[in-house]
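# Structure at a glance
Listed below are the residues making up each chain.
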Amino acid sequence: SLIGSVAGVGSIHLSHAETMGEAMNLSASAGHTGPESDQTVLQKWNLDAESIDKVRELQKRLSDISHPKNCLDQLIRFLRARAFVVDAAEKMFRNMIAWRLDVGADTILQNFEPPQFLQDYYPARTLQNTDKEGDPVLCEKMGKVDLHGLLKEFGHDIMLKHAIWIREKMFGEALNVWARGPHQSHEGRRLTLIADMAGLTMGAVASVEVLKLLQSTLTLDQSNYPESAKKLILLNAPWGFQAIWNLVKNWMDEGVREKMVIISPADQSKMLDLYIGLDNLPDFIGGAIDTTCIDDPFYFPTAGKVSDFQVPKKRDSGF
């Protein structure tokens, strides 16, 4: 996802009551909603006969892998990420399973508790309502995040581990959204991501440390969570953004670049209403939902300079 890729550090504020155990169980098979028939899954992805044959071939090749991720929905995602080249999709899928075992992704929600400061600080959340096709919407105030400060406080490794934690929890929430309402997309279940870059300066991202984190999280997403997003919407891109974009886009697969939608301020309301509906969006991007009340479930943290906060010492942060 672009949001996690650009920052890779945030905490997702779930908009519905959900125990950690429920999130863990759901995320174990992220993107697959349970005992659906193969035919139902294939219909949701709108595949032609040739593509279906390749899905079946990949199933056969991966029959030795017993893992919740080895389900039809996930295999389709990996095939799409590799232009339905079965050899490439098989290699990618096997590498993903090996990675999950190596980093403990299957149990990270149970075994890792991110520093509380990160959970409280980061201005991103899964919205309560969906886009026009019934898919979850993840919204982030990217421009308010102090990546330099967070890296200084927590370091690259904790930030990347936290990024994995986010994804496992986020997909658990997404499954809750898909389970409770109609879904109209003709290309499977995927997320709509919105990144508001208001306040972002090029100095905030143009450093070796931040770019290294960006590249690491892009690799994390593209290698292990393919075809998770259907749109990556960027708002309020700052002056000079094109220079950073020219670098970052070279790290992205072509399929990811094609999902990018950079919206000008003049078109913002019209396009957001088209994709999602202004009544379902927060006020800071022109929507109708008040996000300023700290006791409200729609509240977004303010973020800002990390140095302005009292951050617990690392030895007291629970990691």
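Keep in mind that what you see is a predicted model, and the values were worked out from it rather than measured.

Burial within strand β4 (residues 191-196) is extensive, with six of its six residues counted as buried. Residues Leu191, Leu193 and Ala195 of β4 are buried on one face, and the alternating residues Thr192, Ile194 and Asp196, pointing to the opposite face, are buried as well. Of the pairings in the sheet, the one linking strand β3 (residues 136-140) to β4 comprises four bridges and is parallel in character. Bridged to cysteine 139 within β4 is isoleucine 194. Across six bridges, β4 lies against strand β5 (residues 229-235) in parallel orientation. Within β5, the residue paired with threonine 192 across the bridge is lysine 231.

Ranked by internal contacts, the top residues of the largest apolar core, which has 55 residues, are Phe117, Tyr121, Leu150, Phe154, Ile164, Leu191 and Leu234. Going through the elements one at a time, α7 (108-111), α8 (116-121), α9 (147-179), β4, α10 (202-205), α11 (208-224), β5 and α12 (241-248) are the ones with two or more residues in this core. No other element matches the 15 residues that α9 contributes to this core. With sequence-adjacent residues up to four places away left out, leucine 191 is seen in contact with Pro136, Met170, Phe171, Ala174, Trp178, Ser228, Ala229, Lys230 and Lys231.

The residue histidine 67 is located in the loop between α4 (49-61) and α5 (72-81) in this model. Look at histidine 67 and you get buried, because its relative accessible area is 13%. Engagement of the side chain of histidine 67 in a polar contact is seen with the side chain of aspartate 106, the distance being 2.8 Å. The residues contacting histidine 67, other than those within four sequence positions of it, are Ile97, Arg100 and Asp106.

Moving on to the side chain of aspartate 221. Along the chain, aspartate 221 turns up in helix α11. Judged by relative accessible area, which is 5%, aspartate 221 ranks as buried. A distance of 2.5 Å separates polar atoms of two side chains, one belonging to aspartate 221 and the other to arginine 167.

Moving on to the environment of serine 223. Within the secondary structure, serine 223 is located in helix α11. Using a relative accessible area of 30% as the deciding quantity, one classes serine 223 as partly exposed. For the pair formed by serine 223 and phenylalanine 93, sequence separation is 130 residues and the distance between their alpha carbons is 8.5 Å. Excluding residues within four positions of it along the chain, serine 223 makes contact with Phe78, Met92 and Met96.

Following both chains from N to C, one finds α4 and helix α6 (residues 86-103) inclined at 45°, their axes separated by 10 Å at the closest point. Compared by their axis directions, α4 and α6 come out oblique. As α4 packs across α6, the resulting crossing turns out to be right-handed. When α4 is examined against α6, the residues Lys54, Glu57, Leu58 and Arg61 are found in contact with a partner set consisting of Val86, Asp87, Ala89, Glu90 and Arg94. Grouping the constituent residues of the contact of α4 with α6 by class yields three nonpolar, no polar and six charged.

Thresholds, definitions, all that
Residues numbered from 1 in each chain as written. Predicted model: local features only at pLDDT ≥ 70, side-chain atom pairs only at ≥ 80, totals over all residues. Heavy atoms only, no water. Buried < 20%, exposed > 50% of the residue type's maximum accessible area, 1.4 Å probe, protein only. Helix = DSSP H or I, 4+ residues; strand = E, 2+ residues; numbered from the N terminus. Pairing = 2+ DSSP bridges. Core = buried A, V, L, I, M, F, W, Y, C linked by side-chain atoms within 4.5 Å. Contact = heavy atoms within 4.5 Å. Polar contact = N/O pair within 3.5 Å; in protein donor to acceptor, adjacent residues only side chain to side chain. Axes fitted to C-alpha atoms, helices over the stretch in contact; angles between N-to-C directions. Parallel < 35°, antiparallel > 145°, perpendicular 65-115°, else oblique. Left-handed = near helix turned anticlockwise from the far one by under 90°. Nonpolar A, V, L, I, M, F, W, Y, C, P; charged D, E, K, R; others polar.

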